[in-house]
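Commentary on secondary and tertiary structure
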Amino acid sequence: AEAIRSAIAHRSPVCVVYADLDHFKAFNDTYGFARGDNVIRFTADTIIAGIDALGCRDGFIGHVGGDDFIFLVGSETCEPICNEIIRRFDEGIRAFYEPDHLQARGIYSRNRLGKRTTHPIMSISLAAVDLSARGFEQYLEVNDACVEIKHKAKAKRGSCFCMDQRRCGADLNKRPRP
């Protein structure tokens, strides 16, 4: 929260990126908390390595809790960094699964009603909000925008990166005039 508040106050050209793992609960339920914790560490290391790989030395990374992370990087480097994080995550996550789950392309379990459900191999959803594109005044506005974009990212299959496309002063309820 403090890093975002500082970026707003200084009108820094940064993106706030919310990272969330897809299908983590099914993995944790199947393999246990210790292996789930290893995936959390892997995710943190992957985010750090993705940021470092593109030479971003002034980024900020935070663990919100559970399988949720947040990081701040320069607006100009956000997309390539996120693409690098996705590449690294997708390459490495398979090492945490047993061969039978890899072959089946996921975990099969029964829900509370006893119905068989499928949980694909974990993926990562990255939702970004560019602080330089919008006139945010408060941390909670940024948080709300990140949550909204995160829902769009998680609705897509597999690892993905979604950027908030709105700009400062845009009326989101009106179509642009011809």
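Below is a short write-up of the structure.

The rules behind the values
- Residues numbered from 1 in each chain as written.
- Predicted model: local features only at pLDDT ≥ 70, side-chain atom pairs only at ≥ 80, totals over all residues.
- Heavy atoms only, no water.
- Helix = DSSP H or I, 4+ residues; strand = E, 2+ residues; numbered from the N terminus.
- Buried < 20%, exposed > 50% of the residue type's maximum accessible area, 1.4 Å probe, protein only.
- Contact = heavy atoms within 4.5 Å.
- Lys, Arg positive; Asp, Glu negative; His and termini not counted.
- Charge placed at Lys NZ, Arg CZ, Asp CG, Glu CD.
- Polar contact = N/O pair within 3.5 Å; in protein donor to acceptor, adjacent residues only side chain to side chain.
- Core = buried A, V, L, I, M, F, W, Y, C linked by side-chain atoms within 4.5 Å.
- Disulfide = S-S within 2.5 Å.
- Salt bridge = Lys/Arg side-chain N within 4 Å of Asp/Glu carboxyl O.
- Phe/Tyr/Trp six-rings, centres within 6.5 Å; stacked < 30°, edge-to-face > 60°.
- Lys NZ or Arg CZ within 6 Å of the ring centre and 35° of its normal.

This next bit is on the overall build of the protein chain. When you go through the protein chain residue by residue, the secondary structure sums to 6 helices and 7 strands. When the helices and strands of the protein chain are placed in sequence order, the string is α-β-α-α-β-β-α-α-β-β-β-α-β. Along the first, second and third principal axes, the C-alpha atoms of the protein chain reach 50 × 40 × 30 Å. Relative to its 178 residues, the protein chain shows a buried fraction of 43%. If you take every contact in the protein chain between residues at least 6 apart in sequence, the share linking residues at least 24 apart comes to 71%. The protein chain carries 25 positive and 24 negative side-chain charges, and their two centres are separated by 8 Å.

Right, let's talk about the side chain of S159 for a bit. For S159, the position within the fold is in the loop between α6 (139-154) and β7 (160-163). Assessed through its relative accessible area of 19%, S159 is described here as buried. At a separation of 2.6 Å, a polar atom in the side chain of S159 contacts the side chain of D90. At 3.0 Å, the side chain of S159 and the backbone nitrogen of I124 are in polar contact. When near neighbours in sequence (up to four residues on either side) are disregarded, S159 contacts I86, F89, D90, S123 and I124.

Judged by nonpolar contacts, the single largest core of 32 residues is most densely connected at F71, I93, M122 and L126. Those elements that place two or more of their residues in this core are β1 (14-22), α2 (24-31), α3 (33-53), β3 (68-74), α4 (78-92) and β6 (123-130). Per-element accounting of this core gives the leading share, 6 residues, to α4. Leave out the neighbours within four places in its chain, and M122 touches L21, D22, H23, F24, F27, V39, F89, I93 and Y97. If you look at the next biggest cluster of nonpolar residues, it comprises 19 residues, including A7, I8, C146 and A153.

Throughout the structure, instances matching the rule amount to 0 disulfides. Not engaged in a disulfide, the cysteine C78 finds its nearest cysteine sulfur in C15; these two sulfurs lie 3.8 Å apart. Relative accessible area serves as the criterion here: at 0%, C78 is assigned to the buried category.

All right, on to the pattern of salt bridges then. A complete count under the given rule lists 10 salt bridges for this structure. Among the ionic pairs, K25 bridges to D29, the shortest N-O distance being 2.7 Å. Placement of the pair is K25 and D29 together in helix α2, with a separation of 4 residues, close to one helical turn. Here K25 matches D29 in class, with each residue exposed. With a closest N to O distance of 2.6 Å, E84 and R88 form a salt bridge. Residue E84 and its partner R88 are located together in helix α4, separated by 4 residues, close to a single helical turn. The exposure class assigned to E84 is buried, which follows from its relative accessible area of 15%.

Bringing the packing of aromatic side chains into the picture now. What the rule picks out here adds up to 5 aromatic pairs. Look at F27 and Y31: their rings are 4.6 Å apart centre to centre, the planes differ by 45 degrees, and that puts the pair in the tilted class. Of this pair, F27 and Y31 both sit in helix α2, 4 residues apart, which is roughly one turn of the helix. An identical accessibility class is assigned to F27 and Y31; each is buried. Considering the side-chain rings of F27 and Y97, the 5.1 Å spacing of their centres and the 70 degrees angle between planes classify their relative orientation as edge-to-face. Residue F27 is located in helix α2, and its partner Y97 is located in the loop between α4 and α5 (99-103); the two are separated by 70 residues in the primary sequence. We note that F27, like Y97, is buried. Linked through ring pairs, F27, Y31 and Y97 together constitute an aromatic cluster. If you follow R116 out to its NZ or CZ, it ends over the ring of Y108, 4.2 Å from the centre.

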